[in-house]
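Observations on chain architecture
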Amino acid sequence: MKIDKLKTKSAKIITHIVNHPLGNVDYKWAIITYFALVIVVSIFVFVLECPTTEQITVLRAALAIAVTGLFASIFSKWSENKTEFKLGLLLTLFLAVYLFNPVGLASSSTCTPYLFVNGKLSLGDDPLEGAQVSLPYHDYKTLSNGAGEFALRWNREEAQDSLLVAVKANGIDTSFYWLTNSAELRVQLKDTILPITKSILTELVDQRIGRLEKHMQAQYRKWEAQAPISLARLISFYKPFEEKENYKRNYFHFYGLENELEYRKNLKSAGIIEVKELKPYQKHLFDSCDIYLLKHHAFPEYHLEYLMVNREPLSYKVPQAQQVNDDYYTAKVAYQANIRCVRVKLECSANTDHYKIRQIEFYGFLPLEEYDFHFQHGEWKITSTNLLS
């Protein structure tokens, strides 16, 4: 019973909407209102230079509703007995307008999906020809012509206030930000690369040392290094391990900022002399160090883990850099007190089948490291570290 009433009520509502599309307003005013709405939507279509996908969807729906309302107002003068016929006709009209999408057709004819970054490059007072110009975050690139001019395409749907523009040429690797509301990007580059000097080399090496120190501080916190202990106390913890007659195995590892080495022979060949001292009596050849106890269990199974932190200042010598290209140099840097930390783990337990296991990890720089220096984005940088054989 309730369903029948609901059907009857729904039919009355649909009949009223079809025959009175603007409520009880006179059909003439309804025609004027919907015709005006069609005009307004059409104006928006042509005023918006390049509407987004969301704007096109809203406009095509609005236009379909306005056209359907206009014809519904005209059809309202027909007999109300033809409600089903008029409803079918209006639904067909709405779908035809919406699916045909005149809004999309109108906008696509005047709108391109991309814009151009127009610019001119100069090296000193001369145009820069053959420079690669790119948008690093958008994978678009081009070359400048004989007049130093370029036109770089980018997707206009990516709404941004500025774009990073990179320029690469012989001896030049730099970048600039272009404001998207500017008509043109003009770039005048210096006609010489900043010469590499010993002070620049020193500053770059100091930056690497700072990075290592920061990394080691993070490691100390991770290892939960507490207050230092004396060498005598460490040796008292070490004695039981030394006195065990079990077969032993040794593992060695070096960790640098980029380089890693395994096995004792490789560490020796790299010049790490601290690997020769396996026992803590000589403080692993550190002249001055702080000792931290990380773990200790003597019974029933033996575990000892300790840390020795080198307190001797790190020093280095930078020889003359060797030129490869105008923007590429190499230099070998010799370090003193290069090993900054030794971490030792000793174990003899069921986990090791009661073998004596010794793991020694070295952290720092190699005694001699070779770096590549490149001129990028207007400054010199260390771009890679080369292993020396």
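Coordinates for the structure precede this section.
Residues numbered from 1 in each chain as written. Predicted model: local features only at pLDDT ≥ 70, side-chain atom pairs only at ≥ 80, totals over all residues. Heavy atoms only, no water.

1. Digging into helix H7 (residues 231-243)
Stated precisely, the cut-off is as follows: Secondary structure follows DSSP: runs of H or I at least 4 residues long count as helices, runs of E at least 2 residues long count as strands, and numbering of each begins at the N terminus. Helix span, expected: 1.5 Å multiplied by one less than the number of residues in the helix. Whether a residue is buried, partly exposed or exposed follows from its accessible area with a 1.4 Å probe, protein chains only, as a fraction of its type maximum: under 20%, in between, or over 50%, in that order. Here a residue-residue contact requires only that any non-hydrogen atoms of the pair lie within 4.5 Å.
If you check H7, its first and last C-alpha atoms are 18 Å apart, about what 13 residues at 1.5 Å a residue would give, namely 18 Å. Listed in full, the buried residues belonging to H7 are Leu-234, Ile-235, Phe-237, Tyr-238 and Phe-241. Contacts from the buried residues of H7 go to strand E11 (289-297), strand E12 (302-310), strand E16 (339-348) and strand E17 (356-364).

2. A word on a nonpolar patch on the surface
Rules: For patch detection, residues must exceed 30% relative accessible area and be free of salt bridges, and they are connected within 9 Å for like charges or within 5 Å for nonpolar side chains (Val, Leu, Ile, Met, Phe, Trp, Tyr). Reported accessibility uses the Shrake-Rupley method at a 1.4 Å probe radius. Residues are deemed covered only where the shown protein chains occlude them. The rule for a salt bridge is simple: a side-chain nitrogen of Lys or Arg has to be within 4 Å of a carboxyl oxygen of Asp or Glu.
A contiguous nonpolar patch, built from Phe-35, Ile-39 and Ile-43 and spanning about 290 Å² of accessible area, is present on the exposed surface. Within the secondary structure layout, Ile-39 lies in helix H2 (residues 27-47).

3. Things to note about empty space enclosed by the protein
Here is the rule: Grid spacing is 1 Å over the protein atoms alone, the probe is 1.4 Å, and a cavity is where that probe fits but cannot get out, while a pocket is an open set with protein on both sides within 12 Å along at least five of seven lines and lining residues have an atom within 4 Å of a point. Grid points are joined across faces, edges and corners, and a volume is the space filled by probe spheres set on the points. Classes in brief: Ala, Val, Leu, Ile, Met, Phe, Trp, Tyr, Cys and Pro nonpolar; Asp, Glu, Lys and Arg charged; the others, Gly included, polar.
Inspection of the entire model under this criterion finds one cavity of 30 Å³ or more. The computed volume of the largest cavity comes to approximately 40 Å³. Contributing to the lining of the largest cavity are Arg-208, Gly-256, Leu-257, Glu-258, Asn-259, Gly-364, Phe-365, Glu-369 and Thr-385. Residue composition of the lining of the largest cavity, grouped by class: two nonpolar, four polar and three charged.

4. Examining the pairing of strand E9 (residues 248-255)
For clarity, the threshold we go by: When DSSP locates at least two bridges between a pair of strands, those strands are taken to pair.
In the sheet, E9 pairs with E17 via eight bridges, with the strands oriented parallel. Directly across from Phe-254, in E17, lies its bridge partner Phe-362. With three bridges joining them, E9 and strand E10 (residues 260-262) adopt antiparallel strand pairing. Its bridge partner lying in E10, Phe-254 is registered against Leu-261. Once E9 ends, the chain turns through four residues before running back antiparallel as E10.

5. Let's talk about the nonpolar core
To keep things clear, this is the line we draw: Nonpolar cores are built from buried Ala, Val, Leu, Ile, Met, Phe, Trp, Tyr and Cys residues. Side-chain atoms within 4.5 Å join them into one set.
Formed by 27 residues in total, the largest nonpolar core has its most connected members in Phe-254, Leu-267, Leu-304, Leu-346 and Phe-362. Elements supplying a minimum of two residues to this core: H7, E9, E11, E12, E16 and E17. Looking at this core element by element, the count peaks at five residues for E16. In this structure, Leu-346 is in contact with Tyr-238, Phe-241, Tyr-302, His-303, Leu-304, Tyr-306, Ile-357 and Arg-358, ignoring residues within four places of it in sequence. Of all hydrophobic cores here, the second largest spans 26 residues; its members include Leu-212, Tyr-292, Val-318 and Tyr-329.

6. Thoughts on the pattern of salt bridges
Here the idea is simple: oppositely charged side chains can pair when their charged atoms come close. Inspection of every chain in the model, using the stated rule, returns six salt bridges. The shortest N-O distance in the salt bridge between Lys-279 and Glu-242 comes to 3.3 Å. Here the residue Lys-279 occupies a position in the loop between helix H8 (264-269) and E11, and Glu-242 occupies one in helix H7, the gap between them amounting to 37 residues. The partly exposed category is assigned to Glu-242, whose relative accessible area is 26%. When salt bridges with common partners are traced through the structure, they connect Arg-208, Arg-211 and Glu-258 into a single cluster.

7. Structural notes on the sheet that holds strand E7 (residues 172-179)
How we decide: Each axis is a line fitted through C-alpha atoms, and for a helix only the stretch in contact is used; angles between axes span 0 to 180 degrees, taken between their N-to-C directions.
Reading across from one edge, E4-E3-E6-E7 is the order of the four strands in this open sheet, with antiparallel pairing throughout. A single partner strand is all that each edge strand has here, and the edge strands are strand E4 (140-143) and E7. Strand after strand, the sheet turns through a mean of 20° between neighbouring axes, direction not considered. Bridge count for strand E3 (residues 132-135) against strand E6 (residues 162-169) is three bridges, and the pairing is antiparallel.

8. Here's the deal with the packing of aromatic side chains
How we decide: Any two rings among Phe, Tyr and Trp, with Trp reduced to its six-membered ring, count as a pair given centres within 6.5 Å; such a pair is stacked if its planes are under 30 degrees apart, edge-to-face if over 60, and tilted if neither.
Counted under the stated rule, the structure contains 10 aromatic pairs. Here the aromatic rings of Tyr-238 and Phe-241 are separated by 6.1 Å at their centres, their planes lie at 40°, and the arrangement is tilted. Pair noted here: Tyr-238 and Phe-241 are both in helix H7, with a separation of three residues, about one helical turn. When its relative accessible area of 2% is taken as the criterion, Tyr-238 is described as buried. For the pair Tyr-255 and Tyr-363, a centre-to-centre distance of 5.1 Å together with 15° between the ring planes defines the contact as stacked. Of this pair, Tyr-255 sits in strand E9 while Tyr-363 sits in strand E17; the two residues are 108 residues apart in sequence, bridging distant segments of the chain. Joined through ring pairs, the aromatic side chains of Tyr-220, Trp-223, Tyr-255 and Tyr-363 make up one cluster.

9. Concerning the environment of Phe-116
Mapped onto the elements, Phe-116 comes out in strand E1 (residues 114-123). Looking at Phe-116, the relative accessible area reads 39%, which means it is partly exposed. Phe-116 sits 64 residues away from Thr-180 along the chain, and the two C-alpha atoms are 9.6 Å apart. Residue contacts for Phe-116: discarding those within four places in its chain leaves Ala-151, Leu-152, Arg-153, Trp-154 and Trp-178.

These values are about where atoms sit, not about what they do.
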